[in-house]
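The chain contents come next:
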Amino acid sequence: MAKTRTIYSCQSCGHTSHKWLGKCPDCGGWNSFVEEKVVEEKKSGRVRDNVESPQPISRLVMAEEDRVKTGIAELDRVLGGGLVPGSAVLIGGDPGIGKSTLLLQATGMLAESGVKVLYVTGEESMRQIRLRGERLKALSDGLLVYSETSVERIIDAIKEIKPGAIVIDSIQAVYTEAFESSPGSVSQIRESAARLIAHAKSFGAPVFLVGHVTKDGAIAGPKVLEHMVDTVLYFEGERGHAFRILRAVKNRYGSVMEIGVFEMKDKGLVEVSNPSEIFLAERPRDSSGSAVVSSLEGTRTILVEVQSLVCPTLFGMPRRTVVGVDYNKVILLAAVLEKKAGIALANHDIFIKVAGGMRLDEPAIDLGVLASMTSNFLDKPIDPSTVIFGEVGLAGEVRAISQVEPRVREASKLGFQRCILPKDNLKGLKKPGDMKLDGVSNIKEAIEKFF
Ligand code: TYD
Ligand code: MG
């Protein structure tokens, strides 16, 4: 008979212990240990199925992975050029952001192209999925929907169906009989994910796991879940905004710089293949505080508008409220402006926002953010046909950045007539059409060129 054993595990990091502890020795969390019962199965030694001996790296044969295209180009782009057979992809995001929608759309297309897909839902009924499938036009016979939460039964289904792709929506909703704790607890998530991934890998089928996020935005459950999978994607967007951005934070098969942009419409997610156009569409002309910056996201350059409001502080402490840009970057740029250009922002509130719900964290946006603050402070609009990029150093110098040519090309493509960029980047730069290139070497020079 199977024996039951009691362990205590930390609900925030997954650390286990034989006795209850008030403070987790691993992550330092207080009162996070919960009693869990483990059903021990008799194991007859370790199974070693594919025994391989160590080999010299030069002699390893490189198998050209044949990636499967999901049919959604933005998703393929973030995955690094398509789905790798046998890979495990974890998708996290706020509730209602569109994780299930994206996966149903993608698997609908996969099924359409002849891949058999098993879509396991632990949260919604089959009827709900069918209704959504009707809206998304994802009604293919190859898409099998299964409403189940037991990992053992899901694995039985995988063995029977032998699908070419698997979706588990969500990993927090499933449970394995090896643990008596409730679904969603750390040991359940860890064990369920490990079993499902191992089975999917043995069939060479890619598996998508949907992960809930905690209130601070991290994927709920043990950190080890992110280590177990090959790719971790976050689906994000602002509430009330139709734009959704799919971002990779870990990818064993591609770059993590790549983003996918979607728009949520009544018939599901629509790919946005040229995000700049949409992000710039509602830009106010001749309004102070608005600057267009260029940000490199993977293989694509995206032009985005940064907006600032700089107004005198009414109460003692000046406020700095920043959406879409790093908070510390703004504090730093304000200090540089004050010391090196004599623009005194110390007793001003600063509000900064990036249009379209984008999040920018490239050094090349420094000069644009600085331009936007300066413009609003001086109440002078920046010429709307100018794009600004460059890194700003603490001495007020404008430093060269990488990949200037694609940025200039994108600006030219969208009808911009002038770029303000680091002087050092001008060397050997090809000028597309009649684009005017204004090189600057410090912020004082730059401020003169802004207006
Ligand atoms: P959903 O995929 O259920 O989110 P998640 O799985 O991340 O929790 O997304 C549901 C949201 O998307 C819901 O607010 C309605 C909206 N939606 C549309 O606007 N159009 C559509 O065609 C679909 C299917 C959903
Ligand atoms: Mg869902």
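Residues numbered from 1 in each chain as written. Chains lettered and ligands numbered in written order. Predicted model: local features only at pLDDT ≥ 70, side-chain atom pairs only at ≥ 80, totals over all residues. Heavy atoms only, no water.

### Here we look at the domain arrangement of the protein
Move 1: Domain assignment breaks the protein into domain 1 (3-40), domain 2 (68-273) and domain 3 (278-450).
Move 2: Each partner contributes to the interface: domain 1 provides 13 residues, whereas domain 2 provides twelve residues.
Move 3: Interface area for domain 1 against domain 2, summed over the two sides, is near 810 Å², with a carbon-plus-sulfur share of 51%.
Move 4: Along the contact surface separating domain 1 from domain 2 lie zero salt bridges.
Move 5: The interface formed by domain 1 and domain 2 includes three residue pairs in polar contact (both at pLDDT 80 or more).
Move 6: Mapped by element, the contributors of at least two residues to the side of domain 1 that touches domain 2 are strand 1 (3-10) and strand 3 (33-40).
Move 7: Of the residues belonging to the side of domain 1 that touches domain 2, the class tally is five nonpolar, six polar and two charged. (Domains from an automatic or database assignment. Contact = heavy atoms within 4.5 Å. Buried area = accessible area lost by both parts, 1.4 Å probe. Salt bridge = Lys/Arg side-chain N within 4 Å of Asp/Glu carboxyl O. Polar contact = N/O pair within 3.5 Å; in protein donor to acceptor, adjacent residues only side chain to side chain. Helix = DSSP H or I, 4+ residues; strand = E, 2+ residues; numbered from the N terminus. Nonpolar A, V, L, I, M, F, W, Y, C, P; charged D, E, K, R; others polar.)

### A closer look at the pairing of strand 8 (residues 207-211)
Move 1: In terms of burial, strand 8 is a largely internal element, five of the five residues being buried.
Move 2: The side-chain alternation of strand 8 yields two buried faces, one formed by Val 207, Leu 209 and Gly 211 and the other by Phe 208 and Val 210.
Move 3: Summarising the sheet, strand 4 (residues 88-93) and strand 8 pair through five bridges and their orientation is parallel. Along strand 8, the bridge assignment pairs Ala 88 with Val 207.
Move 4: Note that strand 7 (residues 165-169) and strand 8 share three bridges and pair parallel. The residue bridging Val 167 from the neighbouring strand is Phe 208, located in strand 8. (Buried < 20%, exposed > 50% of the residue type's maximum accessible area, 1.4 Å probe, protein only. Pairing = 2+ DSSP bridges.)

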